Amino acid sequence: MNASRLLAQILKELLSLLRDPRARAILVLPPLLQLMIFSFAATLEVRNATIAVFNEDSGQPAETFVSAVTHAGFVGRVIPVFDQQHQDDVIERGEALLALHIPEEFSRLRLAGEAAPVQVILDGQQANTAQVALSYLQAIAMAQADAEEPIVLRHAFNPNLTYQWYVVPSLSGILSMFIALVVTALSIARERELGTFDQLLVSPTTPAEIILAKCLPAVLVGFVMGSIMISAALLLFRVPFTGSLLWLAGALGLFMVSVVGIGLMISAVSKTQQQAILGAFAIGVPMVLMSGFATPVENMPLILQWVSQAIPLTHFLVIVQGSFLKAIPESVVLSHLWPMAVTALVTLMGATLVVQRRLS
C-alpha cells in the first residue's frame, strides 16, 4: 500500500465532499435541526389529553377523585358525560383519549375501606398513548386510596423521568449513523454516475486503498457530527454524564467504522446516486426500528432479536445511554464493542471484494 497515493485519494474524497456549498449545508444544518426538533418532538410523555368523565356517584370520595383527575398535569380538557350512550359516542368520535366511568357505589365502598373499582375505556386507535395515560390515571387512583402502606416509587438513573435524558443521547447515534451512511453510500455510486470510477480501473490504486480512501472521510464526518451532538446533550440539554468520555469516543469511532462498512456495501452494489440514497434509507430505517430505540429488543420475535445483535446501532445505544446515566463499567462497554468490530470487518471485507471484482 502506497502512503502518498492513499493520502491523495483521501484528500480527493474530502475535497469532493466539502467543496460543494450545498453538500456542506446538507451535512451540517439538517442533522442539527433534526436534533433540536426531535429532542422536543420525540417524547413518550402524554400531555393535554382529553378525558371523558361519567360520574354516577355524588359522594365526597368520588368528587375528590374527579377533581384530582381534572387537575392532573397530563389532562388538558375534561368532557362531562351523563349516560352510557354519550360516553360511547365521545370515544367513537375520537373526542377523548379515554373515558372514566365512576359507578354509583364508589363512595360507599371507599368509605367502607373496600376496593372501589372504576371503569376506564381507552381509544384503541391511540393504543400506546392511551396506555401511558392509563398509567397516570392508575397512579392518581393509588394516591387517592387510603392505603396503610403506601408505595414509594423511585426511578433509578432518571428520577424525574425527563424524556430528553433518554432521547438526546440516542439521537446522537441515530443522526450520525444516517450522516455516515448516506455519505458513504454516495461515494462509489457518485463516481460511477460521473464516470470517474472508470479512471480507477486503469490506475495503480489497489482495492484496499480505494476502500480506505472512501472510508476515512465518512468516518471523520460522522465522528465530528456525533461529537457535536453529544456536546449539545451535555451543554445545551444538560443531560448528566456519569461515564467515561474516552470510552464513549472510542465507541463512537468504532460505531462510525461499522456504519461506513454498511454504507460501502450499499455504494458498491448501487449504479446511481439515487439507488444509493434509497438503499441507505431502506437499510437505515429498519436498523433504527430494531435497535431498541423505540421498543425493547426483548419484545421482538426471537429471529428479530438475533438480527438486532448484528446492528451496530443496537450496541452503540446501550453504550451512549449507559455512559450518560448509568456509568456502565468497562466490561459492559467491551461486550458491546466487539459486535460492532465484527460488523465493520465483515462489511469492509465484502466491499473490498466487490471493488476487487470491478477492478479485475
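Residues numbered from 1 in each chain as written. Predicted model: local features only at pLDDT ≥ 70, side-chain atom pairs only at ≥ 80, totals over all residues. Heavy atoms only, no water.

- Looking at an unreviewed UniProt entry, the protein chain carries the name Transport permease protein, with the source organism given as Marinobacter nitratireducens.

**A few points about the pattern of salt bridges**
Proximity of charged atoms lets side chains of opposite charge pair with each other.
Part 1 of the reasoning: This model, assessed by the stated rule, comprises one salt bridge.
Part 2 of the reasoning: Arg-93 serves as the salt-bridge partner of Glu-95, at 2.7 Å between the closest nitrogen and oxygen. (Salt bridge = Lys/Arg side-chain N within 4 Å of Asp/Glu carboxyl O.)

**Things to note about the packing of aromatic side chains**
Part 1 of the reasoning: With the rule as written, the count across this model stands at six aromatic pairs.
Part 2 of the reasoning: Consider the rings of Phe-255 and Phe-316, whose centres lie 4.6 Å apart with planes at 5°: the pair is stacked. In this pair, Phe-255 is assigned in helix H10 (residues 245-269) and Phe-316 in helix H13 (residues 312-326), connecting sequence segments 61 residues apart. This pair shows no difference in class: Phe-255 is buried, exactly as Phe-316 is. (Phe/Tyr/Trp six-rings, centres within 6.5 Å; stacked < 30°, edge-to-face > 60°. Helix = DSSP H or I, 4+ residues; strand = E, 2+ residues; numbered from the N terminus. Buried < 20%, exposed > 50% of the residue type's maximum accessible area, 1.4 Å probe, protein only.)

**Focus: the domain arrangement of the protein chain**
Part 1 of the reasoning: One can read the domain layout of the protein chain as domain 1 (18-42 + 161-359) and domain 2 (49-144).
Part 2 of the reasoning: The distance between the C-alpha centroids of domain 1 and domain 2 comes to 45 Å. (Domains from an automatic or database assignment.)

**Observations concerning a nonpolar patch on the surface**
Part 1 of the reasoning: Residues Val-28, Leu-29, Leu-33, Met-36, Ile-37, Phe-38, Phe-40 and Leu-236 make up a contiguous nonpolar surface patch of roughly 750 Å² in combined accessible area.
Part 2 of the reasoning: By relative accessible area, Met-36 is classed as partly exposed at 35%. (Patch = residues over 30% accessible without salt bridge, like charges linked within 9 Å, V, L, I, M, F, W, Y side chains within 5 Å. Areas by Shrake-Rupley, 256 points an atom, 1.4 Å probe, with all protein chains shown as cover.)

**Concerning the sheet that holds strand S4 (residues 119-122)**
Paired through their backbone hydrogen bonds, the strands of a sheet run either parallel or antiparallel.
Part 1 of the reasoning: Pairing is mixed in the open sheet, where four strands are placed in the order S2-S1-S3-S4. The sheet terminates laterally at strand S2 (75-80) and S4, the two strands that pair on one side only. Each neighbouring strand pair of the sheet contributes to a mean axis angle of 25°, computed without reference to strand direction.
Part 2 of the reasoning: Pairing geometry for strand S1 (residues 49-55) and S2, over five bridges, is parallel. Bridging from a neighbouring strand, Ile-51 pairs with Val-78 of S2.
Part 3 of the reasoning: The sheet strands contacting helix H3 (residues 60-70) are S1, S2 and strand S3 (98-102), and the helix crosses S3 at an angle near 165°.
Part 4 of the reasoning: Along the sheet, helix H4 (residues 84-92) contacts S1, S2, S3 and S4; its crossing angle with S3, the most-contacted strand, is approximately 165°. (Pairing = 2+ DSSP bridges. Axes fitted to C-alpha atoms, helices over the stretch in contact; angles between N-to-C directions. Contact = heavy atoms within 4.5 Å.)

**Some details on the environment of Leu-17**
Part 1 of the reasoning: Within the secondary structure layout, Leu-17 lies in helix H1 (residues 3-18).
Part 2 of the reasoning: In this structure Leu-17 comes out as buried when scored by relative accessible area, which is 11%.
Part 3 of the reasoning: Along the sequence, Leu-17 and Ala-218 sit 201 residues apart, while their C-alpha atoms lie 9.2 Å from each other.

**Re unusual backbone geometry**
Part 1 of the reasoning: Positive phi, close to 55°, is recorded for Arg-238, a residue that is not glycine.
Part 2 of the reasoning: Within the element layout of this structure, Arg-238 appears in the loop between helix H9 (207-235) and H10.
Part 3 of the reasoning: Owing to a relative accessible area of 62%, Arg-238 belongs among the exposed residues under this scheme.
Part 4 of the reasoning: The backbone of Ala-327 shows a phi angle near 55°, a positive value even though the residue is not glycine.
Part 5 of the reasoning: With respect to the helices and strands, Ala-327 occurs in the loop between H13 and helix H14 (330-359).

**As for the UniProt feature "transmembrane region" (unreviewed entry) in the protein chain**
Part 1 of the reasoning: According to UniProt, the positions carrying the feature "transmembrane region" (unreviewed entry) are residues 163-189, 210-239, 245-269, 276-297, 303-325 and 337-355.
Part 2 of the reasoning: Segment residues 210-239 splits into 87% helix and 0% strand. End C-alpha atoms: 40 Å apart.
Part 3 of the reasoning: Secondary structure content for residues 245-269 is 100% helix and 0% strand, while the C-alpha to C-alpha distance between its ends is 36 Å. (UniProt positions renumbered as here; feature names shortened; annotations may be inferred.)

**Quick notes on the nonpolar core**
Part 1 of the reasoning: Core analysis: the largest hydrophobic core is formed by 64 residues, its most contacted members being Met-177, Phe-255, Leu-313, Phe-316 and Phe-324.
Part 2 of the reasoning: Counting only elements with at least two residues in this core, the list comes to helix H2 (21-41), helix H7 (164-194), H9, H10, helix H11 (273-289), H13 and H14.
Part 3 of the reasoning: At 15 residues, H7 tops the list of elements feeding residues into this core.
Part 4 of the reasoning: Filtering out sequence-adjacent residues up to four positions away, Phe-255 remains in contact with Gly-173, Ser-176, Met-177, Pro-312, Leu-313, Phe-316 and Met-340.
Part 5 of the reasoning: Formed by 22 residues, the second largest nonpolar core is a distinct cluster that contains Ala-49, Val-75, Leu-109 and Ala-116. (Core = buried A, V, L, I, M, F, W, Y, C linked by side-chain atoms within 4.5 Å.)

**So, the environment of Ala-96**
Part 1 of the reasoning: Here Ala-96 shows up in the loop between H4 and S3.
Part 2 of the reasoning: A C-alpha to C-alpha distance of 10.0 Å links Ala-96 and Ala-130, two positions 34 residues apart in sequence.
Part 3 of the reasoning: The contacts of Ala-96, once residues within four sequence positions are left out, are Thr-50, Ile-51, Ala-52, Val-90, Ile-91 and Asp-123.

**What to know about the confidence of the model for the protein chain**
Part 1 of the reasoning: Here the protein chain averages 85 in pLDDT, and 91% of its residues register 70 or above.
Part 2 of the reasoning: For the protein chain, the element scoring lowest by mean pLDDT is helix H8 (residues 197-201), at 65; H13 scores highest, at 93. (pLDDT = per-residue confidence, 0-100.)

**Details of the environment of Leu-337**
Part 1 of the reasoning: Within the element layout of this structure, Leu-337 appears in helix H14.
Part 2 of the reasoning: C-alpha separation for the pair Leu-337 and Gln-131, spaced 206 residues apart in sequence, amounts to 35 Å.

**Quick word on the packing of H1 against H9**
Part 1 of the reasoning: H9 packs onto H1 with a crossing angle of 45° between their chain directions and a minimal axis gap of 9 Å. With respect to each other, H1 and H9 are oriented oblique. Crossing angle aside, the handedness with which H1 passes H9 is right-handed. In this structure, H1 uses Arg-5, Leu-6, Gln-9, Ile-10, Lys-12, Glu-13, Leu-14 and Leu-17 to contact H9, whose residues at the interface are Glu-209, Leu-212, Ala-213, Lys-214, Leu-216, Pro-217 and Val-221. (Parallel < 35°, antiparallel > 145°, perpendicular 65-115°, else oblique. Left-handed = near helix turned anticlockwise from the far one by under 90°.)

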